[in-house]
Amino acid sequence: MHHFAKPNPNSSRFLSIAISFVCILVFAYIGYYLEKAPVTGRLRYMNIDPEVELNLGIDELHEYIESIRDCILPKGHPMHRMVERIAKELIKETELQHLHWEVYVVDDDEISNAFVMPSTNIARNNSIDGKIFVFSGIFSRTSTAEGMAALLSHEIGHVIARHSAESHSWESLMNTTLYPITFILGLTFADEFFQWLATEIVSASLPISRDQELEADHIGMMLLSKACYDPKEAIEFHKRLGENQDPDANMEYLSTHPLATTRVSKLQQAMPHAKHLWSDSKCDKMWTLRRMFDKATNYRFSINL
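What comes next is a walk through the structure. Remember, predicted model here, so these are calculated numbers, not experimental data.

**With respect to the packing of helix 9 (residues 232-241) against helix 11 (residues 260-280)**
Across the interface, helix 9 lies against helix 11 with an axial gap of 9 Å and an inter-helix angle of 170°. Judged by the angle between their axes, helix 9 and helix 11 are roughly antiparallel. In contact with Lys232, Ala234, Ile235, His238 and Lys239 of helix 9, helix 11 contributes Ala260, Arg263, Val264, Leu267, Gln268 and Met271. When its residues are assigned to classes, the contact of helix 9 with helix 11 shows six nonpolar, two polar and three charged.

Put into structure tokens, the structure is as follows:
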């Protein structure tokens, strides 16, 4: 007959108190670093300063640029010139115009993506650069100059809201929290704890990522209006992105990105404010001239690369 030792009530009490103490410290720490996101005012946790953010992944960024160097279109290519023109028109309506911006249009039809990020340029005496990457696989979705403006304004919105730093803040917090809790639980429960925590981290990060995407959509639409691009193009662009998307709500719950239908609905709600910004920017004449220019140059994102 086997005899099992009774659990030590003092040990259980100590474990409960210790974990509760760590949780209180974590929540207090999060509360201290809460701030409101630019433009939308969303309350979020952020413990990374802008100066630190500029150095995040800088080595990996330089290595990445070298790895795609042979696929980067020359600056004189029509696609590069058009993307650069649109980017400059958008950026001058932000507080990021002081950066030294570089555009990379990558000839890769297998990748349907674009991203924008600031970084420190060591080669230029630690000056602050902005990097814009656009892959040719996305051109069929942007279709026109205004479609490209909708894409770029969304990506610039991520930079304005410092979403990369926000994500790194959460990752840093999760990693820091691991050590005291693991020590308290001891090695006996370490494997089970790490498995549970990995699931919880993924579950917690997905809604944050979706909020960031919706926030970048909103900021991007307002930026379109300020730069005198038609804000309705943000809605049309996301409709095109969602043409082959599964509308199942469960897929959204498990995804880093909201469903296109969700994004379109949120943008439609923001349209009155975007129209107001358009009116304040006195865009009628500018928009007409731009449309005339694009029509005269027969510009579409179907140029044979």
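Next comes the rest of the description.
**As for the nonpolar core**
In terms of nonpolar packing, the biggest core is built from 42 residues, with Ile86, Leu90, Ile132, Val134, Met148, Leu152 and Met221 touching the most fellow members. Taken together, the elements giving at least two residues each to this core come down to helix 4 (78-91), strand 3 (100-106), strand 4 (114-121), strand 5 (127-135), helix 6 (145-160), helix 8 (190-226), helix 9 and helix 11. When residues of this core are assigned to their parent elements, the largest contribution, eight residues, is made by helix 6. Setting aside residues up to four positions removed in sequence, Val134 forms contacts with Val83, Tyr104, Val105, Val106, Asn113, Ala114, Phe139, Met148 and Leu152. One finds Leu61, Tyr104, Val106 and Phe135 within the second-largest nonpolar core, a separate group that totals eight residues.

**Quick notes on the environment of Ala270**
Considering the arrangement of structural elements, one finds Ala270 in helix 11. Each C-alpha atom, one on Ala270 and one on His218, is 7.1 Å from the other, the two residues being 52 residues apart in sequence.

**Describing the layout of surface pockets**
Its volume calculated, the largest pocket comes out at about 1,200 Å³. Forming the walls of the largest pocket are 41 residues, and the residues nearest its centre are His158, Ser209, Gln212, Glu213 and His257. Its residues assigned to classes, the lining of the largest pocket comprises 19 nonpolar, 16 polar and six charged. Space inside the second largest pocket adds up to approximately 580 Å³. Lining the second largest pocket we find 24 residues, and of these Thr94, Glu95, Leu96, Val159 and Ile160 sit closest to its centre. Only helix 2 (50-53), helix 6, helix 8 and helix 11 provide two or more residues apiece to the lining of the second largest pocket. A total of five residues in the lining of the second largest pocket trace back to one element, the largest contributor, which is helix 8. Of the residues belonging to the lining of the second largest pocket, the class tally is 14 nonpolar, four polar and six charged.

**So, the pattern of salt bridges**
Side chains carrying opposite charge are able to pair once their charged atoms draw close together. For the structure shown, the criterion picks out 14 salt bridges. Put simply, Arg263 and Asp217 hold a salt bridge, and the shortest N to O gap is 2.8 Å. Residue Arg263 is found in helix 11, and its partner Asp217 is found in helix 8; the two are separated by 46 residues along the sequence.

About the thresholds
Residues numbered from 1 in each chain as written. Predicted model: local features only at pLDDT ≥ 70, side-chain atom pairs only at ≥ 80, totals over all residues. Heavy atoms only, no water. Axes fitted to C-alpha atoms, helices over the stretch in contact; angles between N-to-C directions. Helix = DSSP H or I, 4+ residues; strand = E, 2+ residues; numbered from the N terminus. Parallel < 35°, antiparallel > 145°, perpendicular 65-115°, else oblique. Contact = heavy atoms within 4.5 Å. Nonpolar A, V, L, I, M, F, W, Y, C, P; charged D, E, K, R; others polar. Core = buried A, V, L, I, M, F, W, Y, C linked by side-chain atoms within 4.5 Å. Buried < 20%, exposed > 50% of the residue type's maximum accessible area, 1.4 Å probe, protein only. 1 Å grid on protein atoms, 1.4 Å probe; cavity = no way out; pocket = protein on both sides within 12 Å on 5 of 7 lines; lining within 4 Å. Points joined across faces, edges and corners; volume = space filled by probe spheres on them. Salt bridge = Lys/Arg side-chain N within 4 Å of Asp/Glu carboxyl O.

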